[in-house]
Amino acid sequence: MKYSHSLVVAAVERPREGYVLLKLRLPAEVSLSDIEPGQFVELLAPRAPHTFLRRPISVNFVDYADRTLWLLIHEVGEGTRAFSALSPGDKLDCVYALGHGFPIDLPEAESYLLVGGGVGTAPLLYYGSLLHEQGRKVTFLLGGRRSVDLMQLDDFGRYGRVCLTTEDGSTGERGFVTAHSVWATEHFDVVATCGPKPMMMAVAAKAAEVGIDSCYASLENLMACGLGACLCCVEKNADGHNVCVCKEGPVFNVRQLSWQSYK
Ligand SMILES: Cc1cc2nc3c(=O)[nH]c(=O)nc-3n(C[C@H](O)[C@H](O)[C@H](O)COP(=O)(O)OP(=O)(O)OC[C@H]3O[C@@H](n4cnc5c(N)ncnc54)[C@H](O)[C@@H]3O)c2cc1C
Ligand code: FES
């Protein structure tokens, strides 16, 4: 089920400079369980005269208790700066929830490693919360350049073990997420990842190296329509054909993709 609503901003938080966490009130008619982890919303930027296309932002979390949809946004341009300028009580034009998300019903999978980098950690919070609710074992592996890049750690900690890496060694293990010791010390049935594409390709390669067959990646290709009409978001699949990330993704099993480096 897809919705198009002008949602009321219930709360605005600033986890660090240049980032905003918007909590949007969901109307009573919205069935919360329709919103899959890994799906995204298309937002119309208010008071942004040069930004007429909607901007895609991942579902960060769905709070069932107060019926809010959370979006964690990095300010990089006019659209995202317009979202950051919102205040509680403002309204935001929103089409949701779009695309295909992460799998939540894999029958044999008990243990999950959810690997995020930068603002790509955003969709993993909701995914981890649903897996935790199902009784699956969740480990989050979150990476950033410096400790200040690692956000929502208390929220992640509610749903699983949290492992951290920073490139400068200020928090967690020093280096990239693929170098963390947890890959060597524990077994996982499933890996899911979101972040910069080179990081996700390295994570897919690492999963294959340690013998994990199921690896899912959430792609953040540039998008315009968000509905499969303009073809500006395409990615090559394993057969060499173009697939629309907005409609057939954004989450793919990496084996569906032409990411040669992980094979
Ligand atoms: C499925 C999906 C989910 C996303 N989820 C989130 C999220 O949860 N939080 C978040 O902060 N961002 C997310 N993004 C990225 C976000 O959509 C872009 O940062 C945003 O559209 C930029 O709009 P703007 O008007 O502020 O910047 P623009 O003025 O349009 O661009 C500013 C700069 O950002 C770059 N940029 C624009 N879009 C992207 C993109 N998709 N990936 C990388 N660089 C981009 C541009 O090339 C340019 O250099 C997601 C993107 C996709 C496709
Ligand atoms: S964004 Fe238009 S087809 Fe995907």
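1. As for the overall build of the protein
On a plain count of helices and strands, the protein comes out with six helices and 16 strands. Computed over C-alpha atoms, the radius of gyration of the protein comes to 18 Å, within 12% of the 18 Å expected from 2.2 N^0.38 for 263 residues, which places it in the range of a compact globule. Principal axes of the C-alpha set define a box for the protein whose edges measure 50 × 40 × 35 Å. Scored against the burial criterion, the 263 residues of the protein give a buried share of 44%. Of the contacts made within the protein by residues no fewer than 6 positions apart, 63% connect residues no fewer than 24 positions apart.

2. What about the sheet that holds strand 9 (residues 137–144)?
Here we have seven strands laid out as an open sheet, ordered 11-10-9-8-12-13-16, and mixed in their pairing. Each edge of the sheet is formed by a strand with only one pairing partner; in this case those strands are strand 11 (173–174) and strand 16 (251–253). Pairing analysis gives five bridges linking strand 8 (residues 111–117) to strand 12 (residues 190–194), with the strands arranged parallel. Bridge pairing in strand 12 places Gly116 opposite Cys194.

3. Remarks on the site of ligand 1
Near ligand 1 there are 21 residues, and of these Ser58, His74, Gly77, Gly79 and Thr80 occur at the shortest range. Among the elements of the structure, strand 4 (55–58), strand 6 (68–74) and helix 1 (78–84) are those that each provide at least two residues to the shell around ligand 1. At four residues, strand 4 tops the list of elements feeding residues into the shell around ligand 1. Of the residues belonging to the shell around ligand 1, the class tally is eleven nonpolar, seven polar and three charged. Two domains share the shell around ligand 1, each providing at least three of its residues, namely domain 1 (3–98) and domain 2 (111–262).

4. Brief notes about helix 5 (residues 197–209)
For helix 5, which comprises 13 residues, the first-to-last C-alpha distance of 18 Å matches the rise-based estimate of 18 Å (1.5 Å per residue) to within 8%. Of the residues making up helix 5, those classed as buried are Met199, Met200, Ala202, Val203, Ala204, Lys206 and Ala207. Tucked inside the fold, the buried residues of helix 5 contact strand 8, helix 4 (182–185), strand 12 and strand 13 (214–218). Of the residues trailing helix 5, Gly211 is marked for its positive phi of about 85°.

5. What to know about helix 2 (residues 122–133)
Within helix 2, nine of the twelve residues are buried, which leaves it mostly tucked inside the rest of the structure. Looking at helix 2, one finds that the buried residues are Ala122, Pro123, Leu124, Leu125, Tyr126, Tyr127, Gly128, Ser129 and Leu131. Once helix 2 finishes, Gly135 follows within two positions and takes phi at roughly 85°, a positive value.

6. Topic: the pairing of strand 9
Each regular strand shows side chains that alternate between the opposite faces of the sheet. Among the eight residues of strand 9, six are classified as buried, and the element is accordingly described as predominantly covered. Where strand 8 lies against strand 9, seven bridges are found, and the strand directions are parallel. When the bridges of strand 9 are listed, Leu113 appears paired with Thr139. With respect to chirality, the unit in which strand 8 leads through helix 2 into the neighbouring parallel strand 9 is right-handed. Where strand 9 and strand 10 (residues 161–166) come together, six bridges link them in parallel fashion. Directly across from Phe140, in strand 10, lies its bridge partner Val162.

7. Section: the domain arrangement of the protein
If you check the domain split of the protein, you get domain 1 (3–98) and domain 2 (111–262). When each unit is reduced to the centre of its C-alpha atoms, the spacing between domain 1 and domain 2 is 21 Å. On the side of domain 2, 18 residues touch domain 1, which itself brings 18 residues to the contact. Of all the secondary structure elements, the ones that give two or more residues to the side of domain 1 that touches domain 2 are strand 3 (40–43), strand 4, strand 5 (61–63) and strand 6. The residue inventory of the side of domain 1 that touches domain 2, partitioned by class, reads eleven nonpolar, four polar and three charged.

The rules we used
- Residues numbered from 1 in each chain as written.
- Chains lettered and ligands numbered in written order.
- Predicted model: local features only at pLDDT ≥ 70, side-chain atom pairs only at ≥ 80, totals over all residues.
- Helix = DSSP H or I, 4+ residues; strand = E, 2+ residues; numbered from the N terminus.
- Rg over C-alpha atoms; globule rule 2.2 N^0.38 Å.
- Buried ≥ 20, exposed ≤ 12 C-beta atoms within 10 Å, placed from the backbone.
- Contact = placed C-beta atoms within 7 Å.
- Pairing = 2+ DSSP bridges.
- Near = placed C-beta within 6 Å.
- Nonpolar A, V, L, I, M, F, W, Y, C, P; charged D, E, K, R; others polar.
- Domains from an automatic or database assignment.
- Expected span 1.5 Å × (residues − 1).
- Right-handed = clockwise from strand over helix to strand, strands pointing away.

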